[in-house]
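Residue strings, one per chain:
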Amino acid sequence: MNSSASGSRLLLLSLDGLSLSQLDELSQLSSDFRQFLVRISDRKELACPLSTSPQAAWSELLTGLSWSQLGCPGYARPKDSLNDLEIVTEDLLSGRLDLLECPGAERQLLINLPIVKPKDGRIWLSDGSWPYQNTVSPIELRNCHPFDAYRPRPYASTTVALSDRRSSIISCLAAERQRLECALELIRNQRWRICIYRVSVFDQLAHLIGSDSLFCQGLIESKELEEFWTSLGTGLSEIAELCADTTLAVISTFSHVNCRARLNLNELLSLAGFCVLRKTENAEMTSIIERRRSAALALAKAEVAVESAAAQQPAVSSTSCFELERTVAGSPTAGAVYLNRKSRFASGIVEDFQVNVILERVEDYLRNYLTKEFASGFQLEKIIGGHERSPDLIVQINGVELHNTLGPPWLDRHNHPRSTHCGAGFIALSASLSSLSAPTSPLQLYKLLKEVVA
Ligand SMILES: [Zn+2]
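It should be emphasised that the depicted structure is a prediction, and the values quoted were computed from it without experimental measurement.

Enquirer: Just checking my understanding: could you explain the overall build of the chain for this structure?
Expert: Broken down by element type, the chain carries twelve helices and 19 strands. Look at the contacts in the chain between residues 6 or more apart in sequence, and 74% of them connect residues 24 or more apart.

Enquirer: Sorry, what's going on with the confidence of the model for the chain here?
Expert: Atomic detail in the predicted coordinates should be set aside for any region of low pLDDT. Summary statistics for the chain give a mean pLDDT of 86 and a share of 87% for residues scoring 70 or more. Contacts from residues 283–289, a stretch scored under 50 in pLDDT, to residues over four places away or in other chains number 23 contacts. Between residues 293–315, whose pLDDT stays under 50, and residues either more than four places distant or in other chains, the model counts 31 contacts.

Enquirer: I tried to follow the sheet that holds strand S11 (residues 261–263) on my own but got confused; where do I start?
Expert: Hydrogen bonds along the backbone pair up the strands of a sheet, which may run parallel or antiparallel. Across the sheet, which stays open at both edges, the three strands sit in the order S16-S11-S17 with mixed pairing between neighbours. Two strands lie at the open edges of the sheet, namely strand S16 (400–402) and strand S17 (411–412), each paired on one side alone. Pairing analysis gives three bridges linking S11 to S16, with the strands arranged parallel. For Ala261, the partnering residue across the bridge sits in S16 and is Val400.

Enquirer: For this particular structure, what's the right way to read the environment of Val136?
Expert: By the secondary structure assignment, Val136 is in strand S7 (residues 136–137). Residue classification places Val136 among the buried residues on the basis of 22 C-beta atoms within 10 Å. Linking Val136 and Ser126, residues ten residues apart in sequence, is a C-alpha distance of 6.3 Å. Contacts of Val136, omitting those with residues within four sequence positions, involve Leu125, Leu141, Arg142, Phe147 and Tyr150.

Enquirer: Just to check I follow, could you spell out helix H8 (residues 222–242) for this structure?
Expert: Think of an α-helix as 3.6 residues a turn; residues three or four steps apart then line up on the same face. If you check H8, its first and last C-alpha atoms are 30 Å apart, about what 21 residues at 1.5 Å a residue would give, namely 30 Å. Packed against the buried residues of H8 are helix H2 (31–37) and helix H6 (165–189).

Enquirer: Where do I start with the pairing of strand S4 (residues 84–87) in this structure?
Expert: Successive side chains on a regular strand alternate, one facing one side of the sheet and the next facing the other. Covered by surrounding structure in S4 are Leu85 and Ile87 only, the residues Asp84 and Glu86 on the alternate face being uncovered. In this sheet, S4 lies alongside strand S3 (residues 76–81) in antiparallel orientation, the contact comprising four bridges. Note on S4: the bridge partner recorded for Arg77 is Glu86. In this antiparallel pair of consecutive strands, S3 and S4, the connection spans two residues.

Enquirer: Looking at this structure, how should I read the sheet that holds strand S13 (residues 336–339)?
Expert: Taking strand neighbours across the sheet as the criterion, the four strands line up as S12-S13-S15-S14 in an open arrangement whose pairing is antiparallel. Looking along the sheet, the strands with just one partner apiece sit at the ends: strand S12 (329–333) and strand S14 (378–382). Across the sheet, the mean angle from the axis of one strand to that of its neighbour is 25°, orientation sign disregarded. Along the sheet, helix H11 (residues 355–374) contacts S12, S13, S14 and strand S15 (393–397); its crossing angle with S14, the most-contacted strand, is approximately 175°.

How each quantity is defined
Residues numbered from 1 in each chain as written. Predicted model: local features only at pLDDT ≥ 70, side-chain atom pairs only at ≥ 80, totals over all residues. Helix = DSSP H or I, 4+ residues; strand = E, 2+ residues; numbered from the N terminus. Contact = placed C-beta atoms within 7 Å. pLDDT = per-residue confidence, 0-100. Pairing = 2+ DSSP bridges. Buried ≥ 20, exposed ≤ 12 C-beta atoms within 10 Å, placed from the backbone. Expected span 1.5 Å × (residues − 1). Axes fitted to C-alpha atoms, helices over the stretch in contact; angles between N-to-C directions.

Following this line, the structure appears as structure tokens:
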């Protein structure tokens, strides 16, 4: 690595949800995008960990440790039982966000990042996963323009958004434009050493209009989209100009593929008797998306921001799903299968000596089913030696959305979203970061970036 980069400022820009080939397509949208992309010559595919959740990839990138070691399988993980989930934030990880620990009195700018909490020394704009009203920290920023209008998410969930696609797209663009205004304001006027700015619009639009239609002409919303791409291109090229002396890395921790089906692992496990599901009247409440929605709605209703609440751990409302006394394995978080171990949960029923046999049975059962349905288009891995709140098995199926909403069919090839996450993102580095061993994973990128800010 170029040694002159050591100790320099770092701007890490995330275009989460965008693929490597779509990054090239950006340059065709406006001359400003082209000007911005000139700064990042070295582009590679980023292979993300065996979880397509941005939380898992970001936990690795910020700590330098694997998500299974950290206990970060996704947005949430089981806490005291399989029915009791907690949102994963940095305080719950078994490692520190080491990339952010660097000398210097300047504040860090952390915009729209999963896991990261508001703390001293940070200017923090929420990613919306935080079930409190504070979306901006420190508190004195909250009453200043443009931060007073900062809203991390345009809507409560994609499920809700899809019911009115056009207005959801418009709100998506408005929210991202507003975030860009805040980012520019901070980058311009604050003293900072590390800035991590994550753009969410590519992910949101891929869910709403399909990832292959992202830059399509002829959509009803094409005019609005075109105007938005122009302003995003202009904003990013202004940021690049402001950061001419700054080491720049642009990443995406996942991309999208066309979705061909939805699969409910819990319904599948229950067919073989590995778990017993309690059918509640309000079954949809058990899905992660719905939990997030209720948290966001509660947040929207709250009238008073409670600063001290930021110091507390957010809880995810418990919506019972498994009959715990009759469940040996379940998937409380999409794609993550946990044995109901006695050593892990107070309500667990699997003794230590039974673990290997049961795990093997569950794995064989899932592998047989997945092979029959999807041939080789899936990954099923045992997690060995992970954090106690990491799953025993992790499942990922190409083009299949894993969900936890109760109710048959367990496999639905007709009703499914247009696109779903896939574990291939990208890394694009500015010339000063060109290295002999170019990073191709979040862990490798952590090492490279750590050298920059050390
Ligand atoms: Zn997404």
